[in-house]
2 protein chains.
Amino acid sequence: MNCRSLPHVSGSTQRRGSLERLRTGNRRAVTGLLATEGPLSRADLARGTGLSRTTVSSLVRDLIESGHVVETEDRGTPYKGGSGRPPLLVRLATPSGGVAGVDVGHRHVRVAVADRSGAILAEAETAVDVDAHGAGALDEAAKMVRAMARKAEIPMTDLQAVGMCVPAPIDRRSAQISSGILPGWRDLVPSEELERRLKIPVVADNDANLGALAELHHGAGHGTSDVIYVKVASGLGAGIILGGRLHRGTTGIAGEIGHVQLHEDGRVCRCGNRGCLETEASAPRLLSLLRPAYDDDLTTERVLELDLLGDAGVRRVLSDAGRTIGRALADLCNSLNPEMIVMGGSLGSSPAMVEGIRASLDRYAQPATAAAVRVVSGQLGDRAEVVGAVALAVARVGAI
Amino acid sequence: MNCRSLPHVSGSTQRRGSLERLRTGNRRAVTGLLATEGPLSRADLARGTGLSRTTVSSLVRDLIESGHVVETEDRGTPYKGGSGRPPLLVRLATPSGGVAGVDVGHRHVRVAVADRSGAILAEAETAVDVDAHGAGALDEAAKMVRAMARKAEIPMTDLQAVGMCVPAPIDRRSAQISSGILPGWRDLVPSEELERRLKIPVVADNDANLGALAELHHGAGHGTSDVIYVKVASGLGAGIILGGRLHRGTTGIAGEIGHVQLHEDGRVCRCGNRGCLETEASAPRLLSLLRPAYDDDLTTERVLELDLLGDAGVRRVLSDAGRTIGRALADLCNSLNPEMIVMGGSLGSSPAMVEGIRASLDRYAQPATAAAVRVVSGQLGDRAEVVGAVALAVARVGAI
DNA sequence: GTTTTTAGTGCATTTCTCGGATGAATTGCC
DNA sequence: GGCAATTCATCCGAGAAATGCACTAAAAAC
């Protein structure tokens, strides 16, 4: 049987078959190398891409002409230390226009405006009761994007994409929030709502995924490729990076580790089940455990301070929470054999919690698996989500 | 800081940068299409690849000359039913030479010899006490490979690679078995041992990974890309396919779901821990549960028969085991949001077990996650491992 | 000051693809 | 039976892109 109706291969961006596609590919190789390695000479680029010096020169000439790349003033040193003509370094031109990242938490909205390479130019945070007022939070976010764009001196018309972080899983197909966790957001498609307000393309993803992306590119996970990012905040979620790419799952809701059931007859969880991990080890739960013995206004910030000061009670509670989370992570590590676990969220930087997780991994994971995985705190703190949102926007418009 | 020591990009197979690479890429597009769609005319290939008819003609001429492709005798019908010159169909030449797959279980060795497209030509199984006699099992495997090659009329010198299945995780770096589960195999590098006996390149992987690969390409998972294959046999393991590719993990030992701890004070497991999933739901455990009520010589085959006949006791035990395994899978599904779970191994085809797993997923996984995942029995039965081993060997020598 | 070493750039050459023209083989219509 | 229509395959010239080589430039080493 012949297959008569083979679909025409869409020529991706422009033409069909391939010859200028070869050139675009090579151009991409050059810009990609410049993006990851910083300023390089043409000779470096030739070595790095495997292309001939002639070709690279020609490509760079094109790229300079089109404004994607500029020659720097300072010359580097020649190849192996010593002699030879010093190279002329080129770097990516700071692309015109910019992007924005919006992080919508349960109680705050944080916005950053960045240039198209992802370098953040202006950033601000406002306290908003997002859970109660979904639409109001989006109004506020739109206002802040305009304000930050003004501060960064980027006209709104030059803003090319917005990345958005929401504290709930998003269904890949409908772009809707896929569970009833955010009561004030029912039947809202967050990306569309913000897009309607800003008239700029908006892409949304959940907080754990974006935190994972941020730590992978600009934080603790730099240089690794199999990372589990765990966000411990009002909820508990994971962003899973496998082979250097975010794993979103079939319908886009992967990473829901907060609802592993620990106790058949445990506390009732907002998900409707009982005894979920989230009911035992989320920030609100830990605060409610600690407050009777400390202060009714105890905050997570204060808890972290006490942890660093060596307060035994706080360290015990955080360590126990780490052990509890570590139980679940041990199973996940047995399945995925990752390279690193990055702890994020308001309590992710707690040393006691990291120790607790480490202890559980050593206790419950297979020895070879436990030995392969490092457990660290994230480096971006509560900025992780917004940095990830910016990264998402940068990815959307393309690095160049 | 400049990056002076950029690694030279190895020109993959032959030359350097990219011009004949363009052609090799196009050649691959043609052969790829032929591999998936069967015999096609040059015009079909042009439509399918997006290349021009001229280019395809030229590529096909080269491929015929190099023996990768042959023209068929029968002509097809022209494009849209009706008139026009009938096309000359071409198909992939049956590649010369062959590959072998070796499945080493705990109590058997199974060997298949296939042509280079993966079509199995000869296959046999022998009972061997592998656990006790590691070296003897390898001798037997080598003998069987020679015998099957003879039966398939492929001279040993034409056998180009061997894929090997071992019932234990393999460390990616050392190629050694990474836990003490197989006592008779300590300090053996299985692939090297078999390679020494056969003088043919051997690649090894564990049973769950190869079963997953087999079901993905030639079984229940055909057409999907995020699949968890669960093997229920003397142990319990998983092969995890994400994005159409096997996820092996940082050190290659991903998929160890058998050692999720269910009960702090449960049975002692061969891994040294207590209360592992494997102690509750492996084939030996289920048989030991059933034997007192049935027959001291009860086999897994008989158990499956009784399941299909509707025997209440057997169905209850298998269903409970499925629920237990499903508990662990629910957590994994929450993390990975897969499209399908394929049950393999000697008990994977049990309907009662599949029902039990389904029940646990619906009970313990997030509703959206549970709704997204299908649970099915594998289609390859106890041949899955050897089919996967052949697929591994085919991948090793390249599809063409 | 000469040699050595590395960087960057023209020019001729080769490789590869594309589009149109040409020939081939079959169906359908008169 | 003959002729148009249709589809398939190939030949030929044009154009695009990468490479190798030769050449100049610029600095350090001797």
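Residues numbered from 1 in each chain as written. Chains lettered and ligands numbered in written order. Predicted model: local features only at pLDDT ≥ 70, side-chain atom pairs only at ≥ 80, totals over all residues.

**So, the overall build of chain A**
Here is the rule: Per the convention used, a helix needs a DSSP run of H or I reaching at least four residues, while a strand needs a run of E reaching at least two, with both numbered from the N terminus. The reference for a compact globule is 2.2 Å times residues^0.38; the radius of gyration itself is calculated from the C-alpha atoms. Put simply, a residue is buried when 20 or more other C-beta atoms lie within 10 Å of its own C-beta and exposed when 12 or fewer do; between those, it is partly exposed, and each C-beta is set from the backbone.
Looking only at helices and strands, one finds 13 helices and 13 strands in chain A. A compact globule built from 400 residues should have a C-alpha radius of gyration of about 21 Å, and chain A, at 24 Å, falls within 12% of that. The principal-axis extent of the C-alpha atoms belonging to chain A is close to 70 × 65 × 50 Å. A total of 400 residues make up chain A; the buried ones form 50% of that total.

**Thoughts on the sheet that holds strand β8 (residues 202-206) of chain B**
Residues and elements named next belong to chain B. To be explicit about the condition: Two strands qualify as a pair provided DSSP detects at least 2 bridges between them. All axes here are fitted lines through C-alpha atoms, helices being fitted over the stretch that makes contact, and every angle between N-to-C directions spans 0 to 180 degrees. Contacts here follow a simple rule: the backbone-placed C-beta atoms of the two residues must lie within 7 Å.
If you trace the 5 strands from one edge of the open sheet to the other, you get β6-β5-β4-β7-β8, paired in mixed fashion. In this open sheet, the two edge strands, each paired with only one partner strand, are β6 (120-127) and β8. Averaged over neighbouring strand pairs, the angle between their axes works out to 15 degrees when direction is ignored. With 7 bridges connecting them, strand β5 (residues 108-115) and β6 associate as antiparallel partners. Counterpart to A112 in the pairing with β6 is E123. Taken strand by strand, helix α13 (residues 384-397) contacts β4 (98-104), β5, β6, β7 (159-166) and β8, and its axis lies near 140 degrees from that of β7.

**Side note on helix α4 (residues 134-151) of chain A**
Residue and element names in this part refer to chain A. We count it as follows: The span one expects for a helix is its residue count, reduced by one, times 1.5 Å. Each direction from the helix axis to a C-beta atom contributes to the arc, which is the arc of those directions.
Between its terminal C-alpha atoms α4 stretches 26 Å, which fits the 26 Å expected from 18 residues at 1.5 Å a residue. When we look at burial in α4, the residues that qualify are G134, A137, L138, A141, A142, M144, V145, M148 and A149. Down the axis, α4 shows its buried residues gathered within 165 degrees of arc, on one side only. Tucked inside the fold, the buried residues of α4 contact β4 (98-104), β5 (108-115), β6 (120-127), β7 (159-166) and α5 (190-198).

**Describing helix α4 (residues 134-151) of chain B**
An α-helical turn contains 3.6 residues, so any two residues separated by three or four positions project in the same direction. If you follow the buried residues of α4(B), they end up packed against β4, β5, β6, β7 and α5 (190-198) of chain B. Two residues or fewer past α4(B), B:E153 is found with a positive phi of approximately 60 degrees.

**A few points about the packing of helix α9 (residues 300-309) of chain A against helix α10 (residues 312-336) of chain A**
Residue and element names in this part refer to chain A. Which entries qualify depends on this criterion: Orientation labels follow simple angle bins: below 35 degrees gives roughly parallel, above 145 gives roughly antiparallel, 65 to 115 gives roughly perpendicular, and whatever is left gives oblique. Here the term charged refers only to Asp, Glu, Lys and Arg, the term nonpolar to Ala, Val, Leu, Ile, Met, Phe, Trp, Tyr, Cys and Pro, and the term polar to all other amino acids, Gly among them.
Across the interface, α9 lies against α10 with an axial gap of 8 Å and an inter-helix angle of 105 degrees. Relative to α10, α9 is oriented roughly perpendicular. Packed against α9, whose contacting residues are V303, L306 and D307, the element α10 presents V314, R315 and L318 at the interface. Within the contact of α9 with α10, the residues separate by chemical class into 4 nonpolar, no polar and 2 charged.

**Some thoughts on the confidence of the model for chain A**
Note the following rule: What pLDDT reports is the predictor's confidence in each residue, on a scale of 0 through 100.
On average, chain A scores 87 in pLDDT, and the residues at 70 or more come to 91%. Of the regions scoring below 50 in pLDDT, residues 1-15 of chain A engages in 18 contacts with residues more than four places distant in sequence or in other chains.

**Looking at the sheet that holds strand β8 (residues 202-206) of chain A**
Residues and elements named next belong to chain A. Ordered by their spatial adjacency, 5 strands build an open sheet running β6-β5-β4-β7-β8, and the pairing between neighbours is mixed. At either margin of the open sheet sits one strand with a lone partner, and together these are β6 and β8. The average angle at which neighbouring strand axes cross in this sheet is 15 degrees, direction not considered. Running over the sheet, α5 touches β4, β7 and β8 and is turned about 145 degrees from β8.

**Observations concerning the environment of B:A137**
Residues and elements named next belong to chain B. By the secondary structure assignment, A137 is in helix α4. With 57 residues separating them in the primary sequence, A137 and L194 have C-alpha atoms 9.9 Å apart. Apart from residues no more than four positions distant in its own chain, A137 is found in contact with V104, V109, V128 and V130.

**What about the pairing of β5(B)?**
Residue and element names in this part refer to chain B. Burial within β5 is extensive, with 6 of its 8 residues counted as buried. As paired elements, β4 and β5 share 7 bridges and run antiparallel to each other. Within β5, the residue paired with G101 across the bridge is A112. The hairpin formed by β4 and β5 contains 3 residues between the paired strands.

**Examining unusual backbone geometry**
Residue and element names in this part refer to chain A. The residue E153 is not glycine, and still its phi comes out positive at about 60 degrees. Relative to the assigned elements, E153 resides in the loop between α4 and β7. The backbone of K199 sits at a positive phi, close to 60 degrees, despite the residue not being glycine. Among the structural elements, K199 can be located in the loop between α5 and β8. Classification of K199 by C-beta neighbours within 10 Å gives exposed; the count is 11.

**Structural notes on the environment of A:T24**
Residue and element names in this part refer to chain A. Along the chain, T24 turns up in helix α1 (residues 20-37). Under the C-beta neighbour-count criterion, T24 is labelled partly exposed, with 14 such atoms within 10 Å. For the pair formed by T24 and L59, sequence separation is 35 residues and the distance between their alpha carbons is 9.4 Å.

**A closer look at the packing of helix α1 (residues 20-37) of chain B against helix α2 (residues 42-49) of chain B**
All names here are of chain B. Where α1 meets α2, the closest approach of the two axes is 10 Å, and the angle between their N-to-C directions is 110 degrees. As the angle between them shows, α1 and α2 are arranged roughly perpendicular. Judged by residue contacts, A29, V30 and L33 of α1 engage L45, G48 and T49 from α2. Of the residues in the contact of α1 with α2, the class split is 4 nonpolar, 2 polar and no charged.

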